[in-house]
Amino acid sequence: MPGTSRDTAALEVHQFPCLEDNYGYLLRDAATGITAAIDTPDATAIRRELERLGWRLDFILNTHHHGDHAGGNLELKERTGCRIVGSRADAARIPGLDLGLGEGDVFELGTRRVRVVETPGHTLGHIAWIFDADGVAFVGDTLFAMGCGRLFEGTPAQMWHSLGKLAALPAATRVYCAHEYTQKNARFALTLEPGNAALVARAAAVDRLRDQGLPTVPTTIGEERATNPFLRPDSAGIQATLGLAGADPVTVFAEMRQRRNTF
Ligand code: ZN
Ligand code: FE
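Residues numbered from 1 in each chain as written. Chains lettered and ligands numbered in written order. Predicted model: local features only at pLDDT ≥ 70, side-chain atom pairs only at ≥ 80, totals over all residues. Heavy atoms only, no water.

(A) Just the pattern of salt bridges, in detail. Under the definition given, this model contains 18 salt bridges. Where D132 meets R115, a salt bridge forms, and the shortest distance between an N and an O atom there is 2.7 Å. Here D132 is found in the loop between β10 (127-131) and β11 (136-140), whereas its partner R115 is found in strand β9 (residues 112-118), with 17 residues between them in sequence. The exposure class assigned to D132 is partly exposed, which follows from its relative accessible area of 44%. For R115, a relative accessible area of 26% puts it in the partly exposed group. For R210, the salt bridge identified is with E180, shortest N-O distance 3.9 Å. Here R210 is found in helix α6 (residues 197-211), whereas its partner E180 is found in the loop between β14 (174-177) and α5 (182-192), with 30 residues between them in sequence. (Salt bridge = Lys/Arg side-chain N within 4 Å of Asp/Glu carboxyl O. Helix = DSSP H or I, 4+ residues; strand = E, 2+ residues; numbered from the N terminus. Buried < 20%, exposed > 50% of the residue type's maximum accessible area, 1.4 Å probe, protein only.)

(B) Focus on the coordination of the zinc ion (ligand 1). Taken together, the protein ligands of the zinc ion (ligand 1) are H64 (NE2), H66 (ND1), H122 (NE2) and D141 (OD), with distances of 2.2 to 2.3 Å. Of note is the zinc ion (ligand 1), whose 4 donor atoms meet at the metal with angles of 86 to 174° in an arrangement that counts as irregular. Expressed as a motif, the donor residue spacing for the zinc ion (ligand 1) is H-x1-H-x55-H-x18-D. Between the zinc ion (ligand 1) and the iron ion (ligand 2) the interatomic distance amounts to 3.2 Å, and D141 serves as a bridging ligand to the pair. On the criterion of sequence distance, the pair formed by H122 in the loop between β9 and β10 and D141 in the loop between β11 and β12 (143-144) is long-range, its members being 19 residues apart. (Donors = N, O, S within 2.8 Å, 3.2 Å for Na, K, Ca; no water. Tetrahedral: all angles 85-135°; square planar, octahedral: opposite > 155°, others 65-115°.)

(C) View of the pairing of strand β6 (residues 83-87). In terms of burial, β6 is largely enclosed, as 4 of its 5 residues are buried. As defined by bridge partners, strand β5 (residues 59-61) adjoins β6 across 3 bridges and the pair is classed as parallel. The partner of L61 across the bridge, within β6, is V85. Where β6 meets strand β7 (residues 99-101), 3 bridges bridge the pair, whose relative direction is parallel. By the bridge assignment, G86 is partnered in β7 with G100. (Pairing = 2+ DSSP bridges.)

Structure below.
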């Protein structure tokens, strides 16, 4: 897909594909022209997009330390002089980190305020970046459209708690996840909850988008609450599929995550 830009009145979001299935994101505070990259999947692609937009990079906001998220940090810092902001807990693993933040901290990107939410599970230091006033969330590899990240470091209980924080955001919040995994996530979700009409309709819509080479990201918190099985362990349909009627959410979540690993 070509890069796409979205003008919210105050925070511009430019989205473009990187690597196999990552998305790169460049943000700009319209009032001041201050910019940020959410993660650095591919320094070359990010530099190309900056040049195309005529933006200079002021900050990198990392979600976690994995190479497809922080691998371009040092090259971009070297080339642009930008400052790198990320999880304080991951100071030792995020290349070039200048400022470490934690739960509830607010960072000012020009006139825009972005809040840190700690979301351990995929990695222990994973964070999400929430622009509350703009209704925008960058969630890295924690929440995907109809899916969630693999548990490389955290426990199912930790990830379930992290997802709960994101699910509690306003329904209209636009959710920018780091990968285009939606089509496979939808196929998996349908195995768990084939009777969910919203899910059936969304899976068909996703197929149409992908047939045209279009992104399925961003999604919204409202859409995810309605269709993402990992936010729905209380669904009677999902519990019945898994033979876990009446089980607690963490048990159901853990079973779904396990099955998804080999789907
Ligand atoms: Zn990752
Ligand atoms: Fe990733």
